[in-house]
Structures are given as C-alpha cells and as structure tokens.
Amino acid sequence: IPTFGIVPKLPSALYLRRKSLQTPCIVRRMRVTELFVFMTLIRLSSGLRPSLRRHHRLPPSSPFSLFSSQASLPPLPPLPSLDAHPLVGFGTYKVGYIPPSAASAKSGLVEETKDARTVVKAALDAGYRFLDCAEFYGNEDGVGDGIRDWGGERSQLFLASKVWTTTIEKGANSVRSQVLRSLEELGAGYLDLCCVHWPVPGCHVAAFEELVRCKEEGLVRDVGLSNYAVEDYEEIPRDLRRHVAVNQIEVNPFLYRKDTIEFFQSRGVIVQSYRSLRDGKEFSNPALVKIAEKHGRSTAQVMGRWCLQKGCVYIPKTTSEGRMRENMDVLSFELDGDDMEVLDGLTTEEARTKMRDSYKIGVVRDTT
C-alpha cells in the first residue's frame, strides 16, 4: 500500500501550433539556447511577444490571463511542452450527469444538477478558461456544447481530460480511442492536457505510454497523472517521467498531504487540486470562519487562496453562477503566516485514513 507520503528534461520534440491551432508541426530536438532563438524568431514574425510561455491572448484584465503566478504566490513550473498552466480551473464532475459508480449515486442520494451545456457556458461567461473534464464524468458532449454556445476562440481555452479505469484496463488502443472521442465530443482539435485518471495496477504504465504517443502525434499538448501516490509515479520508467506534467489529487486544508505535494513539486510536476472546497462540507468550520471574517472573505475564498499559496492549481466546482464568481475571486488578497499555520493543522488522522481507503477502491473501481 502506498505511503502517500529537479527540473524536468525537455520533451523529445516540441510541438508548435500553426495559425489554425488545429494541426501541430514537429520541430527537431534543440538545445535550450537554440530553442529560445527559434521561438523568438517565430513569435516576432507572427506579431507575438518573444516569450517561451503561451498566454492564449486573454484580456489583461482577466485574472485567468495569469498563466504564471503572482509575486505573492509560489511560481508554477512550465509544462513539459513549455506552455504555462492556468492558476484556476473549473471542475465539471457531476455537472449534468452523475456516474453510476459515484458514491452519491450508490447511496441513493439525489443531487440537483443543471445540464452541462448551461453550466459550462455560464462558467466561461464568468471568466473561467481552464475546464477540467474526464471520460468518467460522462458529460464531455455537453461541455462541448457549452463551449460552442460561448463562441470564443479555441486558443483562449485550456482543455483537460482523463481516461477512466475501464479504458486503462483494456489497453493502449482503448486509450487512444478515448482521446479521439474526447476530442470529438469537446469539439477540439487537440487537448491541452490528458491524464491517467487512476493508477490501475498492472495497466497504468501502458496507458501513460500511449498518452505520450498521442502527445508526440499532436493530439495532446501535455500528459499527466491523477490520484497517483509516490510509489505509483515511481513505477513509470525514468525516461517517460519527463513527460509527466501534472498530478491531480485531492488537496484542501482538511486533507493536506504535505509530503506528497512537496515530492511532486520538487520534480517539476504541477499539483492540481480537486475537491479544493471539500464539497462545501467544511464551510462552517469555526477556524475557517474566523479567518474568513478576518479578511472579509467567504470560507470558499479562503480555501481557494490557501490552495494557491501551497503552489497548487485550484479547481473549484459549482453550478451556481453567483458562486462561480465568488470562487474565482482569490487573487486579490493574501493569507498571512498565522492563517496558513491554522489551516495547515486542520487535517485529521481520520481524514488520512479515509483517503487511503478511497485510494484502494479507486485504483480498481469499475474494473474487472
């Protein structure tokens, strides 16, 4: 059972988008100096500023045009593709559809949910540009409809998906088929990121290898992991680890896995946080309420800001348009050292035990 307890190399090939942003072209391996000169010339010739990071041409006034951290936040490393990762995303789990194997579905709990098309359009209208999707969520077609209704350019979005355990178990061909299905349903010519959703024993490495091949063909810009413990990551061959862009795990003040977070960050792997707001179940926690009142903020905003100050990507989820805007307003204040110390201490041993139990279920969930 995992304990849950460097700078990445350049990828074997750099993928640059043509003007259509639909078809990638492969550039030969280059040393860093050559790469900088080449990228500078390309960007100057196309009227773009000479930067190694892609900023998607979002309005400067939008907080989500900040693809590199504020001075008061720990900087995110560039993705292996040399793109920059958004600080804040919008989660689409249980938006318009509740998977049959979800805990709430099994318990018979009825959850109100609006259709994905409506919610995603509202999120994009509110200013979100990073959409966190997945095969398991069962709603990528609705997400794609919402994107089309919004009507903005594909280049303004950061679209991420994940392949589910059943697909991982079936092998490489199924992984590739799912990537193509996600592209079709989302209406995208490429994914900015695609991850292995769970480290299915005996299968996850082959699934990751296939995602790397999809990356080399330009179907995906970057590839990553989700729900990986340190031991799972170390099962990936060393020569493939340089492709690992992110690891998405649950991160919030009530499940703070300091050693795991620091392990991945020290290796240049960006940590994405899901359940950043703990499903709203701790909004009335006295310690959290006190800090929120101190700053004149909501408890959700305090949790989101804590996540960012830990150097993690913050991915809130809600179907309420008002809360969408509230959740994203986390860049205009800062938690002090005392606040962070209190929030760091909210994780209980019971929460850690529950997480370990969930991991044991998750790695084989829906598999044979």
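Residues numbered from 1 in each chain as written. Predicted model: local features only at pLDDT ≥ 70, side-chain atom pairs only at ≥ 80, totals over all residues. Heavy atoms only, no water.

Novice: Looking at this structure, I do not really get the pattern of salt bridges. What am I missing?
Specialist: Once their charged atoms are close, side chains differing in charge can pair, the charge on each being opposite to the other. Following the criterion strictly, the structure yields 19 salt bridges and no others. We note a salt bridge from Glu210 to Arg213, for which the minimum N-O separation is 2.8 Å. Highlighted residues: Glu210 and Arg213, both in helix 7 (residues 204-216), separated by three residues, approximately one helical turn. One continuous salt-bridge network, built from bridges that share partners, spans Arg176, Glu210, Arg213 and Glu217. (Salt bridge = Lys/Arg side-chain N within 4 Å of Asp/Glu carboxyl O. Helix = DSSP H or I, 4+ residues; strand = E, 2+ residues; numbered from the N terminus.)

Novice: It is not clear to me how the environment of Val271 should be interpreted in this structure. Could you clarify?
Specialist: One can find Val271 in strand 9 (residues 270-274). Val271 gets classed as buried once you look at its relative accessible area, which sits at 1%. Sequence separation between Val271 and Gly311 is 40 residues; the distance between their C-alpha atoms is 7.7 Å. Non-local contacts of Val271, meaning those with residues more than four positions away in its chain, are made with Asn247, Ile249, Val251, Ile261, Phe264, Gln265, Cys312 and Val313. (Buried < 20%, exposed > 50% of the residue type's maximum accessible area, 1.4 Å probe, protein only. Contact = heavy atoms within 4.5 Å.)

Novice: Please clarify how the state of the cysteines should be interpreted in this entry.
Specialist: A covalent bond between the sulfur atoms of two cysteines is what we call a disulfide. Taken as a whole, this structure holds zero disulfides when the rule is applied. The closest cysteine sulfur to the non-disulfide-bonded Cys214 is located on Cys194, 7.4 Å from its own sulfur. (Disulfide = S-S within 2.5 Å.)

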